[in-house]
Amino acid sequence: MFVLPQHVFLFLIGVSLLCAADKDKDQTFFLSQIQQWALQRTIFPLGNLTKKTVKEIAASAGMEKLALKKESMGICFIGSRNFQDFIEEYIEPRQGNFIDIETDTIVGTHKGTHYWTLGQRCNLGGLAAAYFVAQINPVTQDIHVAAGTDHPALFSETFQTGPVHWIKQNFYYEPPVEKFDAMFRFQHKHPLIGCSCSLRDDGGYNVTLARPMRAVTPGQYAVFYCDDTCLGSARILSLGPSLFQLGVNSRIDIPLELS
């Protein structure tokens, strides 16, 4: 009986990228652009273990000091330096204005839009409320800000992506093209929420979320899931109108896990 070599078999049927047992340490978000040929040559020996269990195993094997080592968080490669100081080493400051999105008045100044991202707190002094970045214009260097983390200008329910990178695609499995429903996240720690996606003529997708999300940001990646499988991802190109632009004036209730 003829038996296909394993590498030929994997090439024909493809392999899937599954979520880890430890949901807090799952890395599929960061692997969502992995190529099929690379995934077929990769093993994840800790995928069915939690971080706590791995540390217990390490400690019992005499590596207690390693197991108790503090985990690296944030942008570890810049060390203890202030992030804005780090950026100034590579990009010259360009002064611009913080503009209240409701009153269109200037409420402060900044040293460049490249320091800021949507949803970020601005730490403007002398104001009655905390302000957060709602819109960024790198051409004019204007940043429109909204008072309060629950302001409707910070929320949107539609966005546009580039083409989807499908992790598994082969002779036996053809991913959905025209339309598909999936679970979505754009930040590693965010819980999954439902979305519906429809193909545009340019190969990208229009995405509608099951509920408005705060600070969805162009340049980040929309990562799609079905059950415990990471389907792939697409770069977020632009946002649809915010809830504020759609006429919503009331504050938005933010679930604790999304705040």
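Residues numbered from 1 in each chain as written. Predicted model: local features only at pLDDT ≥ 70, side-chain atom pairs only at ≥ 80, totals over all residues. Heavy atoms only, no water.

Chemist: I'd like a rundown of the overall build of the protein, residues and numbers included.
Modeler: Each helix and strand in the protein was counted, giving five helices and twelve strands. In the protein, buried positions account for 39% of the 259 residues. Put simply, 58% of the contacts in the protein that link residues at least 6 apart link residues at least 24 apart. Accessible surface computed for the protein: about 15,700 Å², of which carbon and sulfur atoms make up 57%. (Helix = DSSP H or I, 4+ residues; strand = E, 2+ residues; numbered from the N terminus. Buried < 20%, exposed > 50% of the residue type's maximum accessible area, 1.4 Å probe, protein only. Contact = heavy atoms within 4.5 Å. Areas by Shrake-Rupley, 256 points an atom, 1.4 Å probe, with all protein chains shown as cover.)

Chemist: An account of the sheet that holds strand β2 (residues 96–100) is needed here, citing residue identities and associated values.
Modeler: Spatially, the four strands line up as an open sheet ordered β3-β2-β5-β4, and their pairing is mixed. Lying at the two open borders of the sheet, with one neighbouring strand each, are β3 (106–110) and β4 (131–137). Taking the axes of each pair of neighbouring strands and ignoring which way they run, one obtains an average angle of 30° across the sheet. Inspection of the sheet shows β4 paired to strand β5 (residues 142–147) by six bridges, in the antiparallel sense. Paired with Ile136 across the two strands is Ile143, which belongs to β5. (Pairing = 2+ DSSP bridges. Axes fitted to C-alpha atoms, helices over the stretch in contact; angles between N-to-C directions.)

Chemist: Please provide a residue-by-residue account of the packing of aromatic side chains, values included.
Modeler: Counted under the stated rule, the structure contains seven aromatic pairs. Seen from their ring centres, Phe29 and Phe30 are 5.3 Å apart, and the 85° between their planes marks the pair as edge-to-face. The buried category is assigned to Phe29, whose relative accessible area is 14%. Under the relative-accessibility criterion, Phe30 is labelled exposed at 51%. Ring centres of Phe184 and Phe186 lie 6.2 Å apart, and the angle between their planes is 15°; this geometry places the pair in the stacked category. (Phe/Tyr/Trp six-rings, centres within 6.5 Å; stacked < 30°, edge-to-face > 60°.)

Chemist: Before we move on, could you go through the environment of Thr161 and cite the residues and values that matter?
Modeler: As for its position among the elements, Thr161 is in strand β6 (residues 155–161). As for Thr161 and Gln220, which are separated by 59 residues in sequence, their C-alpha atoms are 9.8 Å apart.

Chemist: Which residues make up unusual backbone geometry, and what are the values?
Modeler: One non-glycine residue, Asn123, adopts positive backbone phi at about 55°. Examined against the element boundaries, Asn123 turns out to sit in the loop between β3 and β4. When its relative accessible area of 64% is taken as the criterion, Asn123 is described as exposed. The backbone phi angle of Asp227 is positive, close to 55°, even though this residue is not glycine. Inspection of the secondary structure puts Asp227 in the loop between β11 (221–226) and β12 (229–239). Taking the relative accessible area as the measure of exposure, Asp227 reaches 68% and is therefore exposed.

Chemist: Give a detailed account of the nonpolar core, specifying residues and quantitative values.
Modeler: Core analysis: the biggest nonpolar cluster contains 20 residues, and Phe159, Phe180, Phe184, Cys195, Val207, Leu209 and Phe224 have the highest contact counts within it. Elements with a contribution of two residues or more to this core: β8 (179–185), β9 (193–199), β10 (205–214), β11 and β12. With four residues, the top contributor of residues to this core is β10. Aside from chain neighbours lying at most four places away, what touches Phe180 is Val164, Trp166, Cys195, Ser196, Cys197, Tyr205 and Phe224. (Core = buried A, V, L, I, M, F, W, Y, C linked by side-chain atoms within 4.5 Å.)

Chemist: Would you mind going over the confidence of the model for the protein in detail, with residue names and values included?
Modeler: A residue-level look at the protein finds 87% of positions with pLDDT of 70 or above and a mean pLDDT of 88. Across the protein, β6 holds the top mean pLDDT of 98, while helix α1 (residues 6–13) sits lowest at 49. (pLDDT = per-residue confidence, 0-100.)

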